[in-house]
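Coordinate analysis (summary)
Residues per chain are reported as follows:
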Amino acid sequence: MLRKQKQSLLILLGFMILSLIFILPIIIHPEILFASDDFSFHMPRTLSLYRTIQSGHLIPSFDYSAFGSYGSAYNLFYPYLLNSYPIAIFRLISGSWTAAYITYYWIITLSTLLIAYYAIQTITKTRMPALIFSIIYTFSTYRAIDSFFRADLGELLVITSLPLVFCGIELLIRGDYYKWPMLTVGMTLVAYSHVLSLLTISIFIILRLLFCITNLSKQLIISLVKATTMTLLLSSFQLFSI
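What this report covers is the structure whose coordinates are included nearby.

Quick notes on the rules
- Residues numbered from 1 in each chain as written.
- Predicted model: local features only at pLDDT ≥ 70, side-chain atom pairs only at ≥ 80, totals over all residues.
- Heavy atoms only, no water.
- Helix = DSSP H or I, 4+ residues; strand = E, 2+ residues; numbered from the N terminus.
- Rg over C-alpha atoms; globule rule 2.2 N^0.38 Å.
- Buried < 20%, exposed > 50% of the residue type's maximum accessible area, 1.4 Å probe, protein only.
- Polar contact = N/O pair within 3.5 Å; in protein donor to acceptor, adjacent residues only side chain to side chain.
- Contact = heavy atoms within 4.5 Å.
- Core = buried A, V, L, I, M, F, W, Y, C linked by side-chain atoms within 4.5 Å.
- Phe/Tyr/Trp six-rings, centres within 6.5 Å; stacked < 30°, edge-to-face > 60°.
- Lys NZ or Arg CZ within 6 Å of the ring centre and 35° of its normal.
- 1 Å grid on protein atoms, 1.4 Å probe; cavity = no way out; pocket = protein on both sides within 12 Å on 5 of 7 lines; lining within 4 Å.
- Points joined across faces, edges and corners; volume = space filled by probe spheres on them.
- Nonpolar A, V, L, I, M, F, W, Y, C, P; charged D, E, K, R; others polar.

Per the secondary structure count, the protein chain includes 14 helices and zero strands. Element order for the protein chain, N to C, with α for helix and β for strand: α-α-α-α-α-α-α-α-α-α-α-α-α-α. The C-alpha radius of gyration of the protein chain comes to 19 Å, within 12% of the 18 Å expected for a compact globule of 242 residues. The burial tally for the protein chain puts 45% of its 242 residues in the buried class.

Bringing the side chain of D152 into the picture now. Among the secondary structure elements, D152 is positioned in the loop between α9 (141–150) and α10 (153–173). On the accessibility criterion, D152 (4% relative accessible area) is buried. Reaching out from D152, the side chain makes a polar contact with the side chain of R150 at a distance of 3.1 Å. Each residue touching D152, except ones within four places of it in the same chain, is listed here: D38, H42, Y78 and D146.

Further remarks concern the nonpolar core. In this structure, I26, I87, Y101, Y104 and Y105 are the most contacted members of the largest nonpolar core, which totals 26 residues. Looking at this core, the elements that each hand over two or more residues are α4 (39–54), α6 (84–94), α7 (97–124) and α10. With seven residues, the top contributor of residues to this core is α7. Excluding residues that lie within four positions of it along the chain, I87 makes contacts with T46, W97, A100, Y101, Y104 and L153.

Our next topic: the packing of aromatic side chains. Evaluation of the coordinates by the stated rule reveals nine aromatic pairs. Here a set of aromatic residues connected by ring pairs shows up, and it is made of F22, F139 and F148. Above the plane of the ring of F22 lies R143, whose end atom (NZ or CZ) is 4.8 Å from the centre.

A volume near 280 Å³ is recorded for the largest pocket. Around the largest pocket, the lining is made up of 13 residues, and of these M187, S202, I205, T228 and T231 lie nearest the centre. When its residues are assigned to classes, the lining of the largest pocket shows 10 nonpolar, three polar and no charged.

Before going further, it helps to examine unusual backbone geometry. A positive phi is found at K125, a non-glycine position, where the angle reads about 65°. With respect to the helices, strands and loops of the structure, K125 is situated in the loop between α7 and α8 (127–138). Positioned with a positive phi, A151 is a non-glycine residue whose angle comes to about 50°. Mapping A151 onto the fold places it in the loop between α9 and α10. A151 gets classed as buried once you look at its relative accessible area, which sits at 3%.

What follows is the structure in structure tokens.
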């Protein structure tokens, strides 16, 4: 038991260092991030959220300060609780937008490593494949482009959540019916990250189930119903506001 705890601590420490290495480009040259494709969208809404929190309103409604100040309801359609909102909180704490973005990127990168590692280890029951996958997945070219050239906060969070979704559905198909909460957590994170991705991933899950339609069991259907119901309940703040 003590050996396993030491190994877990070493893995955590290694992931923390790797997360720092991944975000080195924006630590050394933060202007890279501020010149990225989606920064012009996310920065105004994050600044507006920052001002909203400053004024004492923790849950924003219409936005009368960003995008022409005409009163946009974009927060109803583009989730903010897990992307722009934390950055606004970090800005309040640090007093710097650069520090806020760097802190957020570090946390998201660390979360991606941990989630990918947990998901693969749950399937393989071994550490090494999980370690290799989590590092390759987190440092993948597409994620790097999303991080530094596009700064797409929604997609970054979806990438963080995907291992839970895919591993969750695979475990259910393999007969591990008590693992439905993994699928629920993954899909809930996606719902609070990028609504369009939630639709796309849901279609993928349906297609995946069609490939094994002859093996669908009563227990699998019950687990899927549980996962779907709980996901809708947990995501209701975002989905039902639309």
